[in-house]
Amino acid sequence: MAATSFSPLLTLTTQSQPKHNTKHPSRTGSFRQSKNMKEVKQLHAQVTKKGLSNRRTSGITKLISLCAEIATPESLEYAKKAYELFEGDASNIVSLHMLNSLIRGYSAAGFCDEAILLYAQMVERGVNPDHYTFPFVLSGCTKGAAFLEGIQLHGSVVKLGLEGDLFIQNSLIHLYAECGEIDFGKKVFDKMSERNVVSWTSLICSCTRRDRPEEAVSLFFEMVEAGIKPNSVTLVCAISACAKLRDLDLGKRICAYIGQQGLNNTVLVNALIHMYMKCGAMDRAKSLFDECIDKNLVLYNMILSNYVHQGMEREALAILVEMLQQGLQPDRVTMLSALSASGQSGDFAFGRQCHCYVMRNGLEGWESVSNAIIDMYANCGKQDLACRVFDRMSTKSVVSWNSLIVGFVRNGDVDSAWGLFNQMPETDLVTWNTMMDAFVQESLFEDAIELFRVMQSEGIKADKVTMVSVASACGYLGALDLAKWTYSYIEKLGIHRDLKLDTALVDMFARCGDTKSAMLVFNKIQNRDVSAWTSAIGAMAMEGNGIRALKIFNEMTNQGVKPDAVVFVAVLTACSHGGLVDQGMQIFHSMKESYGITPQIIHYGCIVDLLGRAGLLSDALDLINGMPMEPNKVVWGALLAACRTQKDTQMATYVADRMNESAQERSGTHVLLSNIYASAGKWTDVARVRLQMKEKGLLKVPGSSSIEIDGVIHEFTSSDESQPEMTHISLMVREMSSRIGDSGYVPDLTNVLLDVDDEEKEFLLSRHSEKLATAFGLISTSPGTPIRVVKNLRMCSDCHSVVKLVSKTYGREIVVRDNNRFHFFRQGFCSCNDFW
């Protein structure tokens, strides 16, 4: 950022360096006219030959002073030798001015240790430092970030009674600010009886650079109220603080003072444009940019970078073309933005041209540029080219490896990313976070959790990005114990919880069926965005609490948060699961009328599901036929599922025919249709559908359920007898059937979709995965402990009836999450009210 890179050091040094001509009024002679070391050496030789012994001290002092002003390693070495020769003569008396000059020279050149050593020698010789000494040696400490030495010097200042000197105070503020100890500098500032523009500017700039922009802006306005006129450096830092705050109104207030300075300062113009862009005032920034007469490379790079960060890739590339037309030659900073813009826009042709430019101008040696090229090719789907660039790199840092891994993940090749991860000579937190997120995106949730455990064993400290992935994995697994541990882990380690992590935690608890904890987290979120509200509404939808979901939605809109398309999916789903037909239809119509959001196909799918669950199949079909877009498999699938619930085989056949006309074949469609026929006892039709599936190579997804016991997730598949505990599980299933049979349970054999005898049907029904998981929960946990089961498919009506009775018979709370919603079974009742 141009504005923050501008250092007030030059200004501070100029104003804090006292002039010595009043203290040493002797004439400078011809030394003052010398401009380089060659002339200095010649004049020194002439003075020596003339043997002006009575002016020896004065001449050496002037020589050292001039060498210090030149402040190159050669001039300082020459000055040091002259000083040592002079000091070696016992008849000579070393002057304070001579030492001050040497310290000033070393400090100006950035030789901190030498400056501090000279100060120490001065004190050892009994030469008392004065108010000229300390600004010079403190400047050296500032450049060398010598905080501890600076504190010791501060103590010496106090002892010598010089703490009231303005130049010394400014030097101390600058030292503490550059060492990141702003509060120390603020204490010095608060005790000052007199403050000038340098005092204020030092503190303002340090607050801006150290991510304390609110303080920087506050100090700026205090300065103005105190009657101190800001200079260009002050304005640049204050404007940069507004950019960090993204506060356009504050920026405009500060701009009112720019009229006093004029806009002829290039750095100030850069800062203004940057501030406008950060605050989203892109038109104002572009207008100011266009008004610039003297546009340099720094300005072009700055506006390019901002365009890229704002997602305005096309505008960025247009600026690059303009820059080339102006005859400016892009540097590596330019190419980083250009490559990023090419990758984000997917413009492979332009990105390749950028790569060629990099090669022609020898910029590939910069690792950051090569990494940007890798990222560009990966974004454009050219992973093979990204690998070639990576292979040609002479030195590969962890960032290079990470760039390639991110590319593989982005292009859906998680196996290659994992292979590369295992080859890395060194990893960092970004590497681990990338792989965990990749596993979550690929639904490899257990792998993500296992990777997190390995990461912990490696001693790598997690951050908020890590925990978003872990929370997502816990949520999808429905592992409540692990979810609670995750929350405690975040609290214990003090991991910063931003809005994204808090939203992930709400979603995690909601998916684990713990809506109470989800809402506790949600209620503590400050400045909720639409995603946070969506997670809370989604929690209520999964629980089937449509009324509460609608209240949260209304609360969101009353607080001025504008709903987006995603939140409408959540609230319509809640209405569907809660049987709130009228409310759902009202919200659906309000999307366009009240919020200007055109319903998408997913919203139509929600309404079809809403009408279908309520038994309004004809209305649902009419809605589909009147859709402004072609219905997809999700919309038809919702109606087909409703046909099964309502046992309408005629409409089911019609819907299945419509679905078969689409290009994509889904096994779920055939399975659902087969189930509908089986429920109606139409075994010929069942056989026909199953034969079609076989001919098309479509496989039925087996029903599976999982349960977490003591942090370990156990998975069960329907009719799978391979579980190690199957003998005990079978006995418990038999006991369950016997005990609930006494309560009036009769197996619903229509849920067995095979043409076999009733005894075989009863056995197959008893081997449904959620029954096996529930039985395992009963034998593996203490009486009264809640049982939580996660199923991959929709729960069948027989299992629903069984679990209701089991919850009452065994006095257990049983939570089942199927692929539609949560079912909370307590004392023989389900939270869905048998509507799912």
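Going by an unreviewed UniProt entry, the chain carries the name DYW domain-containing protein and comes from Rhododendron griersonianum. Heading Sequence similarities (unreviewed entry) of the UniProt record for the chain holds this comment: "Belongs to the PPR family. PCMP-H subfamily."

Student: Please clarify how the state of the cysteines should be interpreted in this entry.
Tutor: Covalently bonding the sulfur atom of one cysteine to the sulfur atom of another cysteine gives a disulfide. Summed over all chains, the structure comprises one disulfide. In this model, C205 is linked to C237 through a disulfide, with the two sulfur atoms separated by 2.2 Å. On the S-S bond that ties C205 to C237, the torsion sits near 95°, and the link is right-handed. One end of the pair, C205, is in helix α12 (residues 197–209); the other, C237, is in helix α14 (residues 232–245), with 32 residues separating them in the sequence. Free cysteine C474: the closest other cysteine sulfur is in C512, separated by 6.6 Å. Looking at C799, it has no disulfide partner, and the nearest cysteine sulfur is the one in C796, 3.5 Å off.

Student: For this particular structure, what's the right way to read the packing of helix α29 (residues 480–493) against helix α30 (residues 499–511)?
Tutor: In helix packing, the relevant descriptors are the interaxial angle and the interaxial distance, both defined with respect to the helix axes. With their axes 10 Å apart at the nearest point, α29 and α30 run at an angle of 155° to one another. Here α29 is positioned roughly antiparallel relative to α30, judged by the angle of their axes. Handedness of the α29/α30 crossing: left-handed. Between α29, through L480, A483, K484, T486, Y487 and I490, and α30, the contact on the second element is made entirely by L501, L505, M508 and F509. Grouping the amino acids of the contact of α29 with α30 by side-chain chemistry returns eight nonpolar, one polar and one charged.

Student: Can you help me understand the side chain of S517 in this one?
Tutor: Of note, S517 is situated in helix α31 (residues 515–523). For S517, a relative accessible area of 18% gives the class buried. A polar atom in the side chain of S517 sits 2.7 Å from the side chain of D514.

Student: Can you help me understand the UniProt feature "repeat: PPR" (unreviewed entry) in the chain in this one?
Tutor: UniProt's entry tags residues 95–129, 165–195, 196–230, 296–330, 397–427, 428–462 and 529–563 with the feature "repeat: PPR" (unreviewed entry), counted in the numbering of this structure. Between the end C-alpha atoms of residues 165–195 there is a gap of 11 Å, over a span that is 71% helix and 0% strand. In this annotation, residues 196–230 is assigned 74% helix and 0% strand; the end-to-end C-alpha distance for the span is 10 Å.

Student: Would you mind showing me how to read a positive patch on the surface here?
Tutor: On the surface, R352, K382, R388 and R392 cluster together to form a positively charged patch. Summarising the element assignment, R392 is placed in helix α23 (residues 383–392).

Student: Would you take a moment to explain the environment of F189 for this structure?
Tutor: With respect to the secondary-structure elements, F189 resides in helix α11 (residues 182–190). With sequence-adjacent residues up to four places away left out, F189 is seen in contact with I173, R195, S199, W200 and L203.

Student: Explain the packing of aromatic side chains here, please?
Tutor: Both the distance between ring centres and the angle between the ring planes are used here to describe each pair of aromatic rings. Inspection of the entire model under this criterion finds 25 aromatic pairs. Between the aromatic rings of F421 and W432, the centroid separation amounts to 5.1 Å while the plane-to-plane angle is 90°, which identifies the pairing as edge-to-face. Taken together, the residues F421 in helix α25 (residues 414–423) and W432 in helix α26 (residues 429–441) connect sequence positions eleven residues apart. Its relative accessible area of 5% is what places W432 among the buried residues. Centre to centre, the rings of F452 and Y489 are 5.6 Å apart; their planes meet at 90°, and the pair counts as edge-to-face. One end of the pair, F452, is in helix α27 (residues 445–457); the other, Y489, is in helix α29, and 37 residues separate them in sequence. For the pair shown, F452 and Y489 are each scored as buried. Residue placement shows R528 over the ring face of F522; its charged tip is 4.2 Å from the ring centre. Taking the ring centre of W533 as reference, the NZ or CZ of R528 above it sits at 5.1 Å.

Calculation notes
Residues numbered from 1 in each chain as written. Predicted model: local features only at pLDDT ≥ 70, side-chain atom pairs only at ≥ 80, totals over all residues. Heavy atoms only, no water. UniProt positions renumbered as here; feature names shortened; annotations may be inferred. Disulfide = S-S within 2.5 Å. Helix = DSSP H or I, 4+ residues; strand = E, 2+ residues; numbered from the N terminus. Axes fitted to C-alpha atoms, helices over the stretch in contact; angles between N-to-C directions. Parallel < 35°, antiparallel > 145°, perpendicular 65-115°, else oblique. Left-handed = near helix turned anticlockwise from the far one by under 90°. Contact = heavy atoms within 4.5 Å. Nonpolar A, V, L, I, M, F, W, Y, C, P; charged D, E, K, R; others polar. Buried < 20%, exposed > 50% of the residue type's maximum accessible area, 1.4 Å probe, protein only. Polar contact = N/O pair within 3.5 Å; in protein donor to acceptor, adjacent residues only side chain to side chain. Patch = residues over 30% accessible without salt bridge, like charges linked within 9 Å, V, L, I, M, F, W, Y side chains within 5 Å. Areas by Shrake-Rupley, 256 points an atom, 1.4 Å probe, with all protein chains shown as cover. Salt bridge = Lys/Arg side-chain N within 4 Å of Asp/Glu carboxyl O. Lys, Arg positive; Asp, Glu negative; His and termini not counted. Charge placed at Lys NZ, Arg CZ, Asp CG, Glu CD. Phe/Tyr/Trp six-rings, centres within 6.5 Å; stacked < 30°, edge-to-face > 60°. Lys NZ or Arg CZ within 6 Å of the ring centre and 35° of its normal.

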